[in-house]
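Descriptive structure summary
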Amino acid sequence: MATDGQPPLTDTPAPASDADALLRLENVVKWFPLRSDRFLRRSTDHVQAVDGVSVSVRPGETLGLVGETGCGKSTLARCMARLYDVTSGRVVFDGDEITTMARRDVRRLRREMQLVFQDPYGSLNPRRRVGSIIGDPFAIHRVARGAERRRRVRELMRLVGLNPEHYNRFPAEFSGGQRQRIGVARALALRPKLLICDEPVSALDVSIQAQIINLLADLQAELALTYVFIAHDLAVVRHVSDRIAVMYLGRIVEIADAEGLHARPRHPYTAALLSAVPVPDPDLADQRERVILRGDVPSPINPPTGCRFHPRCPKARDLCVTEVPALIRRAGDPASHLTACHYPVEAGERLAAERPRLAAEHTEWRGDPNGGGPP
Ligand code: SF4
């Protein structure tokens, strides 16, 4: 463990992003301008929703993306699918850079990459019959018409576990889980390579969540799909993911194989999230120490300097306030485990209950010749 106030010297930079990745994000930034001067229509502030994310998704894997509400994961998902234009950076899908792609080519991209949304109630038009909702992609992309379209829709309904005889029903006649199946069927209509599932089970009852997760797993095996699975619940993400990326305030702070991340979280934020995951074994639950994070997530309009987690981090030191930690492999970790932290959590280490006071945050007080306390 580094104890001298400096980060360990044996860390190594992250390897170059996978050349054979299906989806590759390189230093993606997405800022939303805030109009602060209504008269001149100038924007001086920005919501820094995503700030320098690099990550790749390999064919056939599930990459879990986890973090608290507002950490930027849904914005990142929309950047991946070119629903948002990025502020800077590159998104490469199946060898094509989509960040600069012409609009007509984005239409082709939609066949290969689809989103499944969080709200199965809000994402379906209540006035349209389910058969026509699921068949929309066939109509939009002029793939199938008439009887052929109806046949394919019924096939999709069977594939996702819906009764094809319910073709003419309206969304309100289905339960929450069935509506999410409708959303999945629509997303699969054009046989995409990649599904981006944005909180696909968080609006569902716990008993239904497992059914949808199992359905997604079965479809992945049957159709050789690749998933990006977004959720705020680390237990759900662990269950479905091969690798997990943890986001905090617009940045990825840790990424690793699902099991490696759970066995040995290295970022204090990941350790805190994991300590809050319920465990079924009461003895294990008693032994486990809960890491309580103090304070709220800071505003993405004016994020903290250096490590964005430093105002809440129980391990924060002065270096954390001034220097952004790189997302790199830390000493002793496998090549696939990258952490953005100057002082990663060591095996068996207990995180302090209180965050330390940092001299770097109280420069005016340090200079006070009368020796008064910090404000
Ligand atoms: Fe905490 Fe510093 Fe690591 Fe950030 S860089 S997570 S503040 S120890």
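Predicted model, so just to flag it, every value in this text is computed and none were measured. (Residues numbered from 1 in each chain as written. Predicted model: local features only at pLDDT ≥ 70, side-chain atom pairs only at ≥ 80, totals over all residues. Heavy atoms only, no water.)

Bringing empty space enclosed by the protein into the picture now. Here the idea is plain: a probe the size of a water molecule rolls over the atoms and shows the empty space left. In this structure the tally under the stated criterion is 3 cavities of 30 Å³ or more. Size it by volume and the largest cavity reaches roughly 80 Å³. Taken together, His267, Pro268, Cys307, Phe309, Cys313, Lys315, Ala316, Cys320, Pro325, Cys341, His342 and Tyr343 make up the lining of the largest cavity. Residue composition of the lining of the largest cavity, by class: 9 nonpolar, 2 polar and 1 charged. (1 Å grid on protein atoms, 1.4 Å probe; cavity = no way out; pocket = protein on both sides within 12 Å on 5 of 7 lines; lining within 4 Å. Points joined across faces, edges and corners; volume = space filled by probe spheres on them. Nonpolar A, V, L, I, M, F, W, Y, C, P; charged D, E, K, R; others polar.)

Here we take up the sheet that holds strand β3 (residues 62-66). One open sheet holds the 8 strands; their spatial order is β6-β7-β8-β3-β9-β10-β12-β11, and the pairing between them is mixed. Two strands lie at the open edges of the sheet, namely β6 (113-116) and β11 (328-329), each paired on one side alone. Across the face of the sheet, helix α2 (residues 103-112) comes into contact with β6 and β7 (194-198) while running at roughly 65° to β6. (Pairing = 2+ DSSP bridges. Helix = DSSP H or I, 4+ residues; strand = E, 2+ residues; numbered from the N terminus. Contact = heavy atoms within 4.5 Å. Axes fitted to C-alpha atoms, helices over the stretch in contact; angles between N-to-C directions.)

Residues in close proximity to the ligand total 13 residues, the closest being Cys307, Cys313, Cys320, Cys341 and His342. In this structure the site holding the ligand corresponds to the largest cavity. (Near = heavy atom within 4 Å. Sits in = over half its atoms within 2 Å of the grid points.)

This part covers the pattern of salt bridges. In total, this model carries 23 salt bridges according to the counting rule given. Notably, a salt bridge pairs Arg78 with Asp198, separated by 3.0 Å at the nearest N-O pair. Here Arg78 is found in helix α1 (residues 73-80), whereas its partner Asp198 is found in strand β7, with 120 residues between them in sequence. Each member of the pair, Arg78 together with Asp198, is buried. Linking Glu155 and Arg151 is a salt bridge whose minimum nitrogen-to-oxygen distance equals 2.9 Å. Highlighted residues: Glu155 and Arg151, both in helix α5 (residues 146-159), separated by 4 residues, approximately one helical turn. A single network of salt bridges, built from pairs that share partners, joins Arg24, Glu26, Arg90 and Glu97. (Salt bridge = Lys/Arg side-chain N within 4 Å of Asp/Glu carboxyl O. Buried < 20%, exposed > 50% of the residue type's maximum accessible area, 1.4 Å probe, protein only.)

Taken as a whole, the largest pocket spans an internal volume of roughly 810 Å³. Contributions of two or more residues to the lining of the largest pocket are made by α8 (234-240), α9 (258-263), α10 (268-275) and α11 (282-287). It is α10 that contributes the most residues to the lining of the largest pocket, 3 residues altogether. Partitioning the lining of the largest pocket into residue classes produces 14 nonpolar, 4 polar and 8 charged.

Further remarks concern unusual backbone geometry. Although it is not a glycine, Asp94 sits at a positive phi angle of roughly 50°. Mapped onto the elements, Asp94 comes out in the loop between β4 (88-93) and β5 (96-97). Assessed through its relative accessible area of 36%, Asp94 is described here as partly exposed. Located in the positive-phi region is Arg142, a residue other than glycine, with phi close to 50°.

The element α10 is largely enclosed, with a buried count of 7 among its 8 residues. Of all the positions in α10, only Pro268, Tyr269, Thr270, Ala271, Ala272, Leu274 and Ser275 are classed as buried.

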